[in-house]
Amino acid sequence: MAVRRIRSRRDLVLGASASALAATWPAADAAASLTVANDRPNWRFCNKCFVMFYTPNPNQACAGGGKHRQQGYRFRLPFGGRETPTAQARWFACRNCATMSFAGYRQRGRCPANARYTTDRGHEADRTFAYVLPHDIPATRRAQGGWRFCNKCMAMFFDGYPTKGACPAGGGHVAQGYQFVLPHEA
Ligand SMILES: [Zn+2]
Ligand SMILES: [Zn+2]
Ligand SMILES: [Zn+2]
């Protein structure tokens, strides 16, 4: 099982810009198992609000109403390590809405779980895993492009459709910055 996972990660590296991805994952190290330990499964796209969310989180507040609804690829997102020119640090799961959100600013965006509060406290980062997410590299059959940062709610959302989901700050999400390319299972 472990061997198969390592092989799939190698396929990913070979299928894309090897030099760019080598900076993201230390796949060239003798201990190839290190790359397996450094990603987390169970990340999915929500087809109601369009964010990336962590399915094991019991708190699933969705800006589209109710809970997130998963669809499509089963993502495995890398964590740990250092920021590089093609991988951005300071991404975390929100404890209250399970959304992948950026915690690199003083402001914490808008969290759909906070609608009941009179003042919006933004996302609350679960710092158990510090995600470092690849961007501005070629997409492959095991890594999907079209993922962006929303400058209104600070979530990671899929920007590949004409509509832009449901942003907890109102309307659709608004893309800014890097073009993320996120790895998923076959
Ligand atoms: Zn949702
Ligand atoms: Zn949140
Ligand atoms: Zn948004």
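Computed from a prediction, not measured in an experiment: that's the story for all the values here. (Residues numbered from 1 in each chain as written. Chains lettered and ligands numbered in written order. Predicted model: local features only at pLDDT ≥ 70, side-chain atom pairs only at ≥ 80, totals over all residues.)

Q: Looking at this structure, I do not really get the overall build of the protein. What am I missing?
A: Helix and strand counts for the protein come out as 3 helices and 9 strands. Its helices and strands taken in sequence order, the protein reads α-α-α-β-β-β-β-β-β-β-β-β from the N to the C terminus. Each of the 186 residues in the protein was classed as buried or not, and the buried ones make up 40%. Nonlocal contacts in the protein, meaning residues at least 24 apart in sequence, comprise 68% of its contacts between residues at least 6 apart. (Helix = DSSP H or I, 4+ residues; strand = E, 2+ residues; numbered from the N terminus. Buried ≥ 20, exposed ≤ 12 C-beta atoms within 10 Å, placed from the backbone. Contact = placed C-beta atoms within 7 Å.)

Q: How should the pairing of strand β4 (residues 87–94) be read in this particular structure?
A: As a general feature of sheets, a regular strand has side chains that alternate between the two faces. Of all 8 residues in β4, 6 are buried; the element is thus mostly enclosed. Pairing of β4 with strand β6 (residues 125–134) involves 5 bridges; the strand directions are antiparallel. Of the residues in β6, the one forming a bridge with Q88 is L133. In the sheet, β4 pairs with strand β5 (residues 100–102) via 3 bridges, with the strands oriented antiparallel. Within β5, the residue paired with W91 across the bridge is F102. In textbook terms, the turn of a hairpin is the stretch between consecutive antiparallel strands, and for β4 and β5 this stretch comprises 5 residues, one of which, A98, has a positive phi near 70°. (Pairing = 2+ DSSP bridges.)

Q: What's the story with the sheet that holds strand β1 (residues 39–46) in this structure? I'm lost.
A: Backbone hydrogen bonds hold the strands of a sheet together, and the pairing may be parallel or antiparallel. Pairing in this open sheet of 3 strands is antiparallel, and the strands run β2-β1-β3 from one edge to the other. Of all the strands in the sheet, just β2 (52–54) and β3 (70–78) have a single pairing partner and so form its edges. Neighbour-to-neighbour, the strand axes of the sheet open up by a mean angle of 40°, direction not taken into account. Here β1 runs beside β2; their pairing, made up of 3 bridges, is antiparallel. Of the residues in β2, the one forming a bridge with F45 is M52. (Axes fitted to C-alpha atoms, helices over the stretch in contact; angles between N-to-C directions.)

Q: I would appreciate a short explanation of the sheet that holds β4 in the present structure.
A: Strand order in the open sheet formed by 3 strands is β5-β4-β6, and the pairing between neighbours is antiparallel. Here the strands that pair on one side only, and so sit at the sheet edges, are β5 and β6. Strand-to-strand twist of the sheet, defined as the mean angle between neighbouring strand axes without regard to direction, takes the value 45°.

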